[in-house]
Amino acid sequence: MTTVETSLPATGGPTLPQVRNVVAAIPGPRSQSLAQRRAQALPAGLGSASSVYAHAVGGGVMVDVDGNSLIDFGSGIAVTTVGNSAPRVVERMAEQMQRFTHTCFLANPYEGYIEVAEKLNALTPGDHAKRTALFNTGSGAVENAVKYARVATGRSAIVVFDHAFHGRSQLTMTMTAKNQPYKQGFGPFSPEVYRAPMAYPYRWPSGPQNAADEAFAQFAMLVDAQIGASNTAAVVVEPIQGEGGFIVPAPGFLKRVADFCAERGILFVADEVQAGIARTGAWFASEHEGVVPDLITTAKGLAGGMPLAAVTGRADVMDAAHPGGIGGTYSGNPIACAAALGVFETIEEEGLLQRASDIGDVLLSELATFDNSSGIIGDIRGRGAMVAVEIVSGAGDSTPNPAAVAEVVRRAHAQGLLVLTAGTFGNVLRFLPPLSMPDHLLHEGVGILRDAFAAL
Ligand SMILES: *Cc1c(COP(=O)(O)O)cnc(C)c1O
């Protein structure tokens, strides 16, 4: 047992002092010693974006094992949207833990699972009849959305997009666009997965104004002329691409894709694993696009860090799978369900949809005032508390500049700001603060970024 110094807080959550406080090296001696143990015990393929080890997390800060209090612009990759160890989440989990931790829903069902399903059925776009099935991971939800789509349509082809990220399992790794690090050496890949261009405004070859029309035309040709619509089960798309670099599709693109699908009996599946559950200022990012998906996958923000994921969709599609064909030993774990109910309650009672929009307004407006005389800030984009900056070589040269991103991250970490990267070319800084982030820390974090950019 390691002894914990009394100076380290005993609990996390919103009672943690909401201050940035760098008291030791980053990473400090305790983090460094854990890194050494890790190197002996864990395989090399498990990466970590940061070398600081967490001790207690809450509000807008992470206190590391050396006592540094760091501003958290990552939320554990868009998971702790309502804040870490949020009180309503912890209370509901504690109550559930005292009663039972597991029965397996496939063996003995329980109410919490049904409550989460009812809530997602009510909150997701569209007032048609819906059903929800629960899983453990985002990739599990995407895998099962594909199973539902195939069994409901009797078709096999799945269409995904450039820059997509759908997970690391065999099928979802295939659906993911980026080779390094997600696919290299892990093939062969799953059959019947086809890729269309994404209407990526900043990098569309003939200019952002043409992105929606031209990307749609290429997508339509892929489906109609190459795959055949009658062979196509589903189009799976992130309404804002996450790992791909917070790419907001050109306006109208997703609506056209969804309408095209509806005309051909192809299911439109929105992978909202990263963008869903209040992150963008709406319950679901699809709402900003005016699309009503046939199926929606959720996970990251759903249960405050408990492993829970969902497929929510049209009742006729979801009911097409035969009894016993869907599920898993841990799927819809009762403690995870309790956590999700606490997340829904927190978002509603604390007005967090509005908070996400407000955080986005601050981030977008502040980032727009950064000195960009060098032209390396190529694009600033996002919605709500899901904002990114794409870094390039300089004015008029959009060559990706991952080295500058790495330098900003290094400087930010040294100052006590945790930030994540993204993007097919590794040249995007992404900001995903928890919605429990107080304003003063939001502004302080942005100030650290401003200085890091100025020092480049
Ligand atoms: C993270 C992510 C996944 C995979 O989720 P896991 O829980 O890591 O399996 C799938 N889709 C999107 C959009 C994601 O951001």
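Our structure is the block above this text.
Residues numbered from 1 in each chain as written. Predicted model: local features only at pLDDT ≥ 70, side-chain atom pairs only at ≥ 80, totals over all residues. Heavy atoms only, no water.

### What to know about the site of the ligand
Piece 1. The full set of residues close to the ligand is Thr137, Gly138, Ser139, Phe165, His166, Gly167, Glu238, Asp271, Val273, Gln274 and Lys300.
Piece 2. Contact between the ligand and aspartate 271: a nitrogen atom at 2.7 Å from a side-chain N or O atom of the residue.
Piece 3. The contact in question runs from an oxygen atom of the ligand to an N or O atom on the side chain of glutamine 274, over 2.9 Å.
Piece 4. Isolated, the ligand exposes 380 Å² of accessible area, and the fraction of that covered by the protein chains is 83%. (Near = heavy atom within 4 Å. Polar contact = N/O pair within 3.5 Å; in protein donor to acceptor, adjacent residues only side chain to side chain. Areas by Shrake-Rupley, 256 points an atom, 1.4 Å probe, with all protein chains shown as cover.)

### Overview of the sheet that holds strand S7 (residues 232-237)
Piece 1. Sheet architecture is open: seven strands sit in the order S4-S10-S9-S8-S7-S5-S6, paired in mixed fashion. Two strands lie at the open edges of the sheet, namely strand S4 (130-135) and strand S6 (193-196), each paired on one side alone. The average undirected angle you get between the axes of adjacent strands in this sheet is 20°.
Piece 2. Pairing between strand S5 (residues 157-161) and S7: three bridges, direction parallel. Counted as the bridge partner of isoleucine 158 is alanine 234 from S7.
Piece 3. Against the sheet, helix H7 (residues 211-227) engages S5, S6 and S7, with an angle of about 155° to S5. (Pairing = 2+ DSSP bridges. Helix = DSSP H or I, 4+ residues; strand = E, 2+ residues; numbered from the N terminus. Axes fitted to C-alpha atoms, helices over the stretch in contact; angles between N-to-C directions. Contact = heavy atoms within 4.5 Å.)

### Re the packing of helix H3 (residues 87-99) against helix H11 (residues 334-349)
Piece 1. With their axes 8 Å apart at the nearest point, H3 and H11 run at an angle of 155° to one another. Between H3 and H11, the interaxial angle falls into the category roughly antiparallel. Like other packed secondary-structure pairs, H3 and H11 cross with a definite hand, here right-handed. Judged by residue contacts, Arg88, Val89, Arg92, Met93, Gln96 and Met97 of H3 engage Pro334, Ile335, Ala338, Ala339, Leu341, Gly342, Val343, Glu345, Thr346 and Glu349 from H11.
Piece 2. Among the residues making up the contact of H3 with H11, the classes are represented as nine nonpolar, three polar and four charged. (Parallel < 35°, antiparallel > 145°, perpendicular 65-115°, else oblique. Left-handed = near helix turned anticlockwise from the far one by under 90°. Nonpolar A, V, L, I, M, F, W, Y, C, P; charged D, E, K, R; others polar.)

The quantities given are spatial measurements derived from coordinates; they are silent on function.
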